[in-house]
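# Coordinate analysis (summary)
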Amino acid sequence: MASPKPETLAAFEAAKGFMPVREGLALYEAAAEAASLGLPLLEVGTYCGRSTILLADAAREAGVSAITVDHHRGSEEQQPGWEYHDPTVVDPEVGLMDTLPTFRRTLHAAGLEEHVIAIVGRSPKVAAAWGGPLGLVFIDGGHTDEHATGDYEGWAPHVAPGGTLVIHDVFPDPADGGQAPYRIYLRALESGAFEEVSVTDSLRVLRRTGTGI
């Protein structure tokens, strides 16, 4: 089982973010295997770069790039008055969230800047402009149906044959969390294009076995 370097895991644990270590280790294992295809690894939902550290380390080992897509203004649940709001990442000049500076500091501290391509923009617009195949797509963006569906429909078609689709915050029980990631997970399985590889708490790892989404 592939695992990150101790210094990478320490940087992951020190970074601002929400992914637990157990799920992070499962993500790293999936990324390390997917990187063997020789294609980039892409995540939707950078926030402050916690999971990006793991993708970047796996990409570095394989000689590929980790690409991360986010508008850096925060998702719905990170806005003022909501459960996951962090006032330390609000830009005082414009009064909006801006996680990009924190993300850049996170990558710098981990020594992984040169292995990451950060794209600042709205996921569906970036996906519409994207042209190449990807070894891995990790969906961890907004949790409304609109955003989760947009991420799935935008990026899942770019998963190469034999490539990996990872979806975070999949909660079959509504009491545990929002249902939008669970719905795109079910859609992926029902499409016949993906089969489940592993389940680690709320993290689901799927592999492309057919065409379509």
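## Considering the pairing of strand S7 (residues 159-167)
Within S7, seven of the nine residues are buried, which leaves it mostly tucked inside the rest of the structure. Where strand S6 (residues 134-139) meets S7, five bridges bridge the pair, whose relative direction is parallel. By the bridge assignment for S7, Leu134 is matched with Val159. Each parallel crossover has a hand, and for S6 linked through helix H6 (residues 145-155) to S7 it is right-handed.

## A few points about the packing of H6 against helix H7 (residues 180-190)
Across the interface, H6 lies against H7 with an axial gap of 8 Å and an inter-helix angle of 35°. H6 and H7 meet at a crossing whose hand is right-handed. Residues Asp145, Ala148, Thr149, Tyr152 and Glu153 of H6 pack against Ala180, Pro181, Arg183, Ile184, Arg187 and Ala188 of H7. By residue class, the composition of the contact of H6 with H7 is six nonpolar, one polar and four charged.

## Overview of the nonpolar core
Membership of the largest hydrophobic core comes to 29 residues, with the highest contact counts inside it found for Leu27, Leu41, Leu55, Leu136, Phe138, Val166 and Leu203. Of all the secondary structure elements, the ones that give two or more residues to this core are helix H1 (6-14), helix H2 (21-34), helix H3 (50-62), helix H4 (100-110), S6 and strand S9 (203-208). Contacts of Leu27, omitting those with residues within four sequence positions, involve Met19, Ser51, Leu55, Phe138, Val166 and Leu203.

## Quick look at the packing of aromatic side chains
Overall, the coordinates contain three aromatic pairs when judged by the stated rule. Between the NZ or CZ atom of Arg50 and the centre of the ring of Phe12, over which it lies, the distance is 4.2 Å. Positioned above the aromatic ring of Tyr185, the side-chain terminus of Arg204 is 5.4 Å from the ring centre.

## As for the pattern of salt bridges
Under the counting rule described, the total for this entry stands at eight salt bridges. Across the pair Arg60 and Asp57 runs a salt bridge, and its minimum N-O distance is 2.5 Å. Residue Arg60 and its partner Asp57 are located together in helix H3, separated by three residues, close to a single helical turn. For Asp57, a relative accessible area of 0% puts it in the buried group. Several salt bridges share partner residues, and in doing so they unite Lys5, Asp57, Arg60 and Glu61 into one network.

## Remarks on the packing of H1 against H3
Two elements in contact, H1 and H3, have axes whose closest approach is 8 Å; the angle formed by their N-to-C orientations is 160°. Here H1 lies roughly antiparallel to H3, going by the angle between them. Like other packed secondary-structure pairs, H1 and H3 cross with a definite hand, here right-handed. Residue-level contacts link Thr8, Ala11, Phe12 and Glu13 of H1 to Arg50, Ser51, Ile53, Leu54, Asp57 and Arg60 of H3.

What counts and how
- Residues numbered from 1 in each chain as written.
- Predicted model: local features only at pLDDT ≥ 70, side-chain atom pairs only at ≥ 80, totals over all residues.
- Heavy atoms only, no water.
- Buried < 20%, exposed > 50% of the residue type's maximum accessible area, 1.4 Å probe, protein only.
- Helix = DSSP H or I, 4+ residues; strand = E, 2+ residues; numbered from the N terminus.
- Pairing = 2+ DSSP bridges.
- Right-handed = clockwise from strand over helix to strand, strands pointing away.
- Axes fitted to C-alpha atoms, helices over the stretch in contact; angles between N-to-C directions.
- Left-handed = near helix turned anticlockwise from the far one by under 90°.
- Contact = heavy atoms within 4.5 Å.
- Nonpolar A, V, L, I, M, F, W, Y, C, P; charged D, E, K, R; others polar.
- Core = buried A, V, L, I, M, F, W, Y, C linked by side-chain atoms within 4.5 Å.
- Phe/Tyr/Trp six-rings, centres within 6.5 Å; stacked < 30°, edge-to-face > 60°.
- Lys NZ or Arg CZ within 6 Å of the ring centre and 35° of its normal.
- Salt bridge = Lys/Arg side-chain N within 4 Å of Asp/Glu carboxyl O.
- Parallel < 35°, antiparallel > 145°, perpendicular 65-115°, else oblique.

Geometry only, nothing functional implied.
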